[in-house]
Structure formats: C-alpha cells, structure tokens
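Chain by chain, the residues run as shown.
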Amino acid sequence: MSITASDCYSICSRVSTVSFLATSLIHGSSIHFSSKNFLNLNLNYKKRRFRFCKAALITNPDDFEVGRFVGSYGFMNITSYSKFNPGSEIQYSTGDMERLKVPDVGEGSVKIRLYEGRIAQGPSKGTRVIFKVYPGQRAGGIEADMMAANELNAHAFLQQSDPKDICKNIQTLLGGFETQTGEQWLAFRNDGKYSAADYAKVTSEAISKDHALGQQKSWNPFDQEQKIKRRRYFVIQLLRGVMCGLAYMHDRERLHQSLGPASVVLNTIVEKDAAYLIPRLRDLAFSVDMRYSSLEESPGALSEGLWRRASIAGAFSPMEKRAFGIADDIYEAGLLFAYLAFVPFCETGIMDGLSLQRLLESTFQLDLDAAREYCLADDRLLEAVKFLDLDAGSGWELLQAMLNPDFRKRPIAEAVLSHRFLTAAVL
C-alpha cells in the first residue's frame, strides 16, 4: 500500500511501559458492518487542534468482514516513581538516585479487543487482517481515543516512505473505521497470530512437560543439544528482528515506548523454522514523535510522563530529551532481551517478566555480574545462564549495556544489532 500525504495530526506518547496479553480464544461466525461511518480520529482535546492524516488507507467498514474474537489485552500504567533504596554497601550520587527511581505500576483503564477478519472487496480483496478495537469514550474515556489516534498517526507516518523502504519488522496498518458507538477499529495485515509472550509460554510449558515425563521420555544428549541450539538461534533471530524494527523507528524520529513480549508479533513459533521468522513490532499507541519541532512544543497528555522522567534525569534541551527517549526505548528492549533469555529456557512458573525485572532492578540494582552469580547457583536457571555466557559472556555484556543506569551510556539500536551476541556468530 502507499501513503499519499504526510500531513498528520500530532497526538503522542504513552501512559505505560509494559503491555500484557490475556488470550481468550472463542469461535464465532463472521459478521458484516453496515455502518457508513468513516474513521474519525480528528480529536479536539483541551481546545487543541490536531491535523488529520490523509493516508491511502481503507476507511469504509463495508470493505471489511469481521470474523472471530481472538483475544484482549490491556496496559499497565506507571502511576508514580518510588525512591530507589540501594544496599548499604553501594554508594550512589544524587543524580544516580534520581535516575534509578522505581516505577509503581497499576492497571490502566483501556482494554483492547482483537478480531480476525479479511478485506471483503476492492483491489486487496481476500487479504487477512487483524482488527484492533479501542473502546469508545463511554467505556475507555478520552484516553482510548487518543491512543487510537496516536497509533494511526504513528503507522501512517512510518508507512509514508517508498514501499520498498518500509520495514518488514513493523506491523502494517491497512485501514480502519469508527462505529456508531464510538469504537475505533484499526485493521492491520495479519502476518501472525502469536506474540513473543506466546512463544515464551509455549516453550516454557514444553520444558515443564519434558521434565514431568522424566525417564518415560525417550531422548538422547545429542537431540537435547540440538534443541537448545535451535532455541538459542530462534531467540537471537527474534531479538534481531525487534532491534531492526526499533532502529527503523528511531531513524525516522519515532519512539516505540511500549515495547514488551506482547508487543512483538511472530509469523511462527516453531524453532525449526527460525530461518523464516519475521518478528514485527506492534502496539504503537504510545509512540512519540521526537522530531525537534515536536520536542520544542508543549508535551501531549500521553507523553508527559516520559518528559518528566527526562527532566529528572537531567535531560532538558531538545537534543538531551531526544537522547533520553531513545535510551528509554533501549532500556525497554533490554528488559525484553532479559525476558527472552530466561523465560523460554526455564520451566513454567520459574521466571516471569515482572519477577525478572524486580530481580534485576531492585534486588541487584542493575548489577548484572551479581545477578549472574545468583542465577548460576540455581539449577533451574542454568540454561539461561549458559545462553548469556556464550562467547565469553557476550550476552551479559550486551544486556548490561542496554540496562545501564545512566541513559547516556546505553547503546543505540544500530550498535545493539552489530554486537557480537546478535550476529549469531556466538552459535
């Protein structure tokens, strides 16, 4: 598809940093929308005008056919930042203490629904889509409309380049519409129904099943070794795809700001098919425009938290704020890296995203050497430690860089991609 104009309204940023997916599969028959409403996301909020994005997107609901409900998810809001309490043996400067404030997380009010579907008529007839449904203002408040508008704006902005230059590691928006009840339906090309969180869950459950079978399961050491090698390769390919998508966004002056296991969609979770794996970033509802012209304006309602944290960290000028925003995305990518380095290599219930984040941030205060020694003493985490130990500990080295307490010392996305741990040379 092509984007014919770059005149986009500007509503930006985020209220949250962590998204979670609560899948609930059901079967249902296909339905057709007869409403003639067009996508209406041109919002006036606090007397602020936003320019509507004139993009070549499908906006007639009659052009779509909606199928079964496939799941729902919500967002976790950062409600405040608690003071960081280091151990008595470690000394931090006042500036470091401010940068290490720990987020207090609470569940947000906006609940997103997902449906399968297809394009029912026109040149793209038959194309499979996934609908992302934002509740109307009555159910989700003004925040839901702002998130839908921002997601549309972010995708249209990223898709306005030459079709040959569009990144394969970012989900493709095909269109959308508004219903009579005020719900905003965004239609994305359906390139996969699984997320990175789904992959980690399925893999972890398989490990638990294997361990439960014990002596009854027939396998030899060579088979087990090959399975671990495939898993390592799959995870590295997954991480490379994520960082390619993030590098593309940063190169085009956009922050993701909601990167997590549920915000990466996969076309396969079969480890033998790792060569064909294409991870794609989704959930751009909190994406931030970091062009200097935007940074000089008053922050939008969804980006206030980001720029407040930037000020606390000592980033005041547009250049410093831009660097902070990029580093903030890298930090989230680092937490995703840690999640994928541990959860798929452990039994179910041994490790989860929030527990791992608390372990790294609170218990070990982002000291990855100390974290490694702790994990090494737990046999249940041994495969994760071995994975990060590859090539003289290159995984720990990269993870430490991405989670550096000083945002100024974190690598950019291109530097992460060129690190030896992600070149697959370690395998």
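Residues numbered from 1 in each chain as written. Predicted model: local features only at pLDDT ≥ 70, side-chain atom pairs only at ≥ 80, totals over all residues. Heavy atoms only, no water.

In the annotation of an unreviewed UniProt entry, the protein chain is listed under the name Protein kinase domain and assigned to Macleaya cordata.

Undergrad: Give a description of helix α4 (residues 221-251) that names residues and reports values.
TA: For α4, spanning 31 residues, the distance from its first C-alpha to its last is 45 Å, which sits close to the expected 45 Å at 1.5 Å a residue. Following α4 by one or two positions, Glu253 has its phi on the positive side, about 65 degrees. (Helix = DSSP H or I, 4+ residues; strand = E, 2+ residues; numbered from the N terminus. Expected span 1.5 Å × (residues − 1).)

Undergrad: Can you explain the sheet that holds strand β12 (residues 264-266)? Please cite residues and give values.
TA: If you trace the 3 strands from one edge of the open sheet to the other, you get β10-β12-β13, paired in antiparallel fashion. Lying at the two open borders of the sheet, with one neighbouring strand each, are β10 (194-195) and β13 (280-281). In this structure, β10 lies alongside β12, joined through 2 bridges in antiparallel fashion. Within the sheet, the bridge partner assigned to Ser195 lies in β12 and is Val265. (Pairing = 2+ DSSP bridges.)

Undergrad: Account for the environment of Met146, naming residues and giving values.
TA: The residue Met146 is located in helix α2 (residues 137-158) in this model. Judged by its relative accessible area of 5%, Met146 falls in the buried class. Along the sequence, Met146 and Gly300 sit 154 residues apart, while their C-alpha atoms lie 9.9 Å from each other. (Buried < 20%, exposed > 50% of the residue type's maximum accessible area, 1.4 Å probe, protein only.)

Undergrad: I'd like to hear about the packing of α4 against helix α10 (residues 382-402), residue by residue, with values.
TA: The axes of two packed helices give the description: the angle between them and the distance between them. With their axes 11 Å apart at the nearest point, α4 and α10 run at an angle of 15 degrees to one another. As summarised for this structure, α4 and α10 are arranged roughly parallel, according to the angle between their axes. In this structure, the crossing between α4 and α10 has a hand that is left-handed. On the side of α4, the interface is formed by Ile228, Arg232, Val235, Ile236 and Met243, while α10 contributes Glu383, Lys386, Phe387, Leu390 and Met402. Taken together, the residues that form the contact of α4 with α10 break down as 7 nonpolar, no polar and 3 charged. (Axes fitted to C-alpha atoms, helices over the stretch in contact; angles between N-to-C directions. Parallel < 35°, antiparallel > 145°, perpendicular 65-115°, else oblique. Left-handed = near helix turned anticlockwise from the far one by under 90°. Contact = heavy atoms within 4.5 Å. Nonpolar A, V, L, I, M, F, W, Y, C, P; charged D, E, K, R; others polar.)

Undergrad: Lay out the pattern of salt bridges with the relevant residues and their values.
TA: Evaluated as defined, the whole model comprises 22 salt bridges. The shortest N-O distance in the salt bridge between Asp191 and Arg189 comes to 2.9 Å. By relative accessible area, Arg189 is classed as partly exposed at 32%. The partner of Lys229 in a salt bridge is Glu225, and the shortest N-O contact between them spans 3.6 Å. You can see Lys229 and its partner Glu225 sitting in helix α4, 4 residues apart, about one turn around the helix. (Salt bridge = Lys/Arg side-chain N within 4 Å of Asp/Glu carboxyl O.)

Undergrad: Which residues make up the nonpolar core, and what values go with them?
TA: Membership of the largest hydrophobic core comes to 67 residues, with the highest contact counts inside it found for Leu238, Met243, Val264, Phe337, Phe342 and Phe421. Among all residues touching Phe342, those that are not within four sequence positions of it are Met351, Leu356, Cys375, Leu381, Ala384, Leu388 and Trp396. (Core = buried A, V, L, I, M, F, W, Y, C linked by side-chain atoms within 4.5 Å.)

Undergrad: Got a sec to walk through the pairing of strand β9 (residues 184-189)? Specific residues and values, please.
TA: Judged by how many residues are buried, β9 sits mostly within the fold: 5 of 6 residues are covered. Summarising the sheet, strand β7 (residues 128-134) and β9 pair through 6 bridges and their orientation is antiparallel. Each bridged residue has a counterpart across the sheet, and for Lys132 the counterpart in β9 is Leu186. Hairpin geometry of strand β8 (residues 173-178) and β9 is characterised by an intervening segment of 5 residues between the two adjacent antiparallel strands and by a positive phi of about 90 degrees at Gly182.

Undergrad: Explain the confidence of the model for the protein chain residue by residue, including any values.
TA: Of all residues in the protein chain, 76% have pLDDT values of 70 or greater, and the mean over the chain is 82. Looking over the protein chain, one finds the lowest element-wise mean pLDDT in strand β1 (residues 16-22), namely 34, and the highest in β13, namely 98. In the predicted structure, residues 1-55 sits below a pLDDT of 50 and forms 182 contacts with residues beyond four places in sequence or in another chain. Segment residues 96-107: pLDDT under 50, and 40 contacts once partners within four positions in sequence are set aside and those in other chains are kept. (pLDDT = per-residue confidence, 0-100.)

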